[in-house]
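# Fold and contact review
Here is how the chains run, residue by residue.
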Amino acid sequence: MHQVKYRSIKSRLIKSRSIIRNLIQAGWGIFLLYIGWKFFRFVRYFEMPGAAGYTSRPPAVEGFLPISALVSLKSWLGGGGFDRIHPAGFAIFLGIILISLLFKKGFCSWFCPIGALSEALGRLGARLFGKNHGLPKFLDYPLMAVKYSILGFFIKVILVDMSPLVAQSFQQSAYNKIADVKMLKFFLEIGQSAVAILLALALFSLVVRNFWCRYLCPYGALLGIVAVFSPWQVTREAQKCTGCNLCNKACPNRINVAESRRVWSAECSSCLDCLEACPAEALGYKGPGGRFAVDPRFYPVLLFGIYLLVVLVAQLTGHWQSSLTLADYRELIPQSTWVGH
Ligand code: SF4
Ligand code: SF4
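What you see is a predicted model, and the numbers here were worked out from it, not measured in a lab.

Turning next to unusual backbone geometry. One non-glycine residue, Lys104, lies in positive phi territory at about 60°. Note that Lys104 resides in the loop between helix H4 (87-103) and helix H5 (106-110). Taking relative accessible area as the criterion, Lys104 reaches 0% and is therefore assigned buried. One non-glycine residue, Glu281, lies in positive phi territory at about 50°. Among the secondary structure elements, Glu281 is positioned in the loop between helix H15 (273-277) and strand S2 (283-286). Look at Glu281 and you get partly exposed, because its relative accessible area is 35%.

Written as structure tokens, this is what we have:
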């Protein structure tokens, strides 16, 4: 009797997991909007002296500068020390890489705002058109190569060809110092062609599930490659599996979970939807040799815990606040336009 009751509570908890993931995505999205709003007010203060009150700059905004973080990595590896211009951006980048190395690219499906938006558009498309479509294999595989090609381009230009000295001088350039301001202005002063591209991406995402993540995102491609080395993977117990294929149907990334012993795929975003879908409880999130299973309920806690730990260490060791002064921003911000101007 107690066992039946326990099983039913457990099953209800599991069923609510995807709702919890969506709530976390929404909460994280609201937090990022707040960061964006604070940064907007900070920039306004320097653009309209006297008209807008001072708001402190939120360092976490640097998390939106992955290319700058890649240059910081090059400079760091070349002996140039930890980035002092955008240290928070570099710390966040290293934190996300660490999360992917340990627990696959859960960042993509639990915290990335673009992943969340792409997923929401896919869900809307499924309501409008009855279902989302996957591209046929002859288009799917070549298109997936696009994100790896973009990543390869950045790795070649920044990590391979750029010398550490050039990386360090880029870090000190006026362009890099206010790259975050330029990013903000890109959205505030968005041009017609950019709007057209964003609308096209939104339309594709309505029809094709995870269009942006599956074909175009170089950040996700990088995390996917790192995640292949993660000791924790979705693991299937063949004795329990009934071959119902529900896991395959649930997987947003078209992974053949039903025939895998361990899901090594770089495309697995650790959304854990397959675990939720499996009626036989044949799937787990397990370490090497099927040991050290992570309870799926605690998976987001682990991700968030690692992220917070990285932020805390960065703050306590002085690797969070930019070395730029208010005088620097007073000089640089009024001259700034976004990259396309
Ligand atoms: S294999 Fe499972 S955890 Fe990985 S993306 Fe597919 S459904 Fe999500
Ligand atoms: S949903 Fe579970 S039982 Fe069904 S095929 Fe997948 S792993 Fe096997």
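Taken together, Val234, Cys251, Pro252, Asn253, Val257, Cys268, Ser269, Ser270, Cys271, Leu272 and Cys274 make up all the residues around ligand 1. Comparing atom positions with the cavity grids shows ligand 1 to sit within the largest cavity.

A word on a nonpolar patch on the surface. Residues Phe64, Met183, Phe187 and Leu198 make up a contiguous nonpolar surface patch of about 360 Å² in total accessible area. When you line up the elements, Leu198 lands in helix H11 (residues 192-207).

Attention now goes to the domain arrangement of the protein. Domains assigned within the protein are domain 1 (2-230 + 299-335) and domain 2 (233-293). Using only C-alpha atoms to locate each centre, domain 1 and domain 2 end up separated by 27 Å. Taken together, the contact pairs 30 residues of domain 1 with 22 residues of domain 2. Across the domain 1/domain 2 interface, buried area totals approximately 2100 Å², and carbon plus sulfur atoms make up 41% of it. When residues of domain 1 are sorted by the area they lose upon contact with domain 2, Lys104, Arg209 and Arg214 head the list and together hold 27% of the total. Counting across the interface, domain 1 meets domain 2 through three salt bridges. The interface formed by domain 1 and domain 2 includes 14 residue pairs in polar contact (both at pLDDT 80 or more). Looking at the side of domain 1 that touches domain 2, the elements that each hand over two or more residues are helix H1 (2-15), helix H2 (17-47), H5, helix H7 (137-161), helix H12 (211-216) and helix H13 (218-227). Tallied by class, residues from the side of domain 1 that touches domain 2 come to twelve nonpolar, seven polar and eleven charged.

This part takes up empty space enclosed by the protein. Scanning the entire structure with this criterion turns up two cavities of 30 Å³ or more. Computed from the structure, the largest cavity encloses a volume of approximately 90 Å³. Val234, Cys251, Cys268, Cys271 and Cys274 are, among the 14 residues lining the largest cavity, the residues nearest its centre. Classifying every residue of the lining of the largest cavity gives ten nonpolar, three polar and one charged.

A few words now on the pattern of salt bridges. Taken as a whole and judged by the stated rule, the model has 14 salt bridges. Asp180 serves as the salt-bridge partner of Arg57, at 2.6 Å between the closest nitrogen and oxygen. Placement of the pair is Arg57 in the loop between H2 and helix H3 (66-77) and Asp180 in helix H10 (residues 179-188), with a sequence separation of 123 residues. Glu237 serves as the salt-bridge partner of Lys286, at 3.2 Å between the closest nitrogen and oxygen. Here Glu237 lies in the loop between strand S1 (233-236) and helix H14 (246-250) and Lys286 lies in strand S2, a separation of 49 residues in the sequence. A residue is classified by how much of its surface remains accessible, and Glu237, at 23% relative accessible area, is partly exposed. Salt bridges here are not isolated pairs; linked through shared partners, they connect Arg21, Glu119, Arg123 and Asp273.

Between its first and last C-alpha, H3 extends 16 Å over twelve residues, near the 16 Å set by a 1.5 Å rise per residue. Among the residues making up H3, those that are buried are Ser68, Ala69, Leu70, Val71, Ser72, Leu73, Lys74 and Ser75. Packing partners of the buried residues in H3 comprise H4, H7, helix H8 (164-171) and helix H9 (174-177).

Before going further, it helps to spend a moment on the site of ligand 2. Surveying the vicinity of ligand 2 reveals 13 residues, the closest of which are Cys241, Cys244, Asn245, Cys247 and Cys278. One can see that ligand 2 is located within the second largest cavity. Here the shell around ligand 2 is built from residues that sort into nine nonpolar, three polar and one charged.

Aromatic rings considered in pairs are described by the distance between their centres and by the relative angle of their planes. Per the counting criterion, the structure on display carries 27 aromatic pairs. With 5.4 Å between their ring centres and 85° between their planes, Trp28 and Tyr307 make a pair best called edge-to-face. A residue pair is termed long-range when its members are at least 10 positions apart, and Trp28 in helix H2 and Tyr307 in helix H16 (residues 299-316) qualify at 279 residues. When its relative accessible area of 12% is taken as the criterion, Trp28 is described as buried. Given a relative accessible area of 13%, Tyr307 falls into the buried group. One aromatic cluster is present, built from ring pairs that chain together Phe39, Phe42, Tyr45, Phe46, Tyr54 and Tyr329.

Rules used throughout
Residues numbered from 1 in each chain as written. Chains lettered and ligands numbered in written order. Predicted model: local features only at pLDDT ≥ 70, side-chain atom pairs only at ≥ 80, totals over all residues. Heavy atoms only, no water. Helix = DSSP H or I, 4+ residues; strand = E, 2+ residues; numbered from the N terminus. Buried < 20%, exposed > 50% of the residue type's maximum accessible area, 1.4 Å probe, protein only. Near = heavy atom within 4 Å. 1 Å grid on protein atoms, 1.4 Å probe; cavity = no way out; pocket = protein on both sides within 12 Å on 5 of 7 lines; lining within 4 Å. Sits in = over half its atoms within 2 Å of the grid points. Patch = residues over 30% accessible without salt bridge, like charges linked within 9 Å, V, L, I, M, F, W, Y side chains within 5 Å. Areas by Shrake-Rupley, 256 points an atom, 1.4 Å probe, with all protein chains shown as cover. Salt bridge = Lys/Arg side-chain N within 4 Å of Asp/Glu carboxyl O. Domains from an automatic or database assignment. Contact = heavy atoms within 4.5 Å. Buried area = accessible area lost by both parts, 1.4 Å probe. Polar contact = N/O pair within 3.5 Å; in protein donor to acceptor, adjacent residues only side chain to side chain. Nonpolar A, V, L, I, M, F, W, Y, C, P; charged D, E, K, R; others polar. Points joined across faces, edges and corners; volume = space filled by probe spheres on them. Expected span 1.5 Å × (residues − 1). Phe/Tyr/Trp six-rings, centres within 6.5 Å; stacked < 30°, edge-to-face > 60°.

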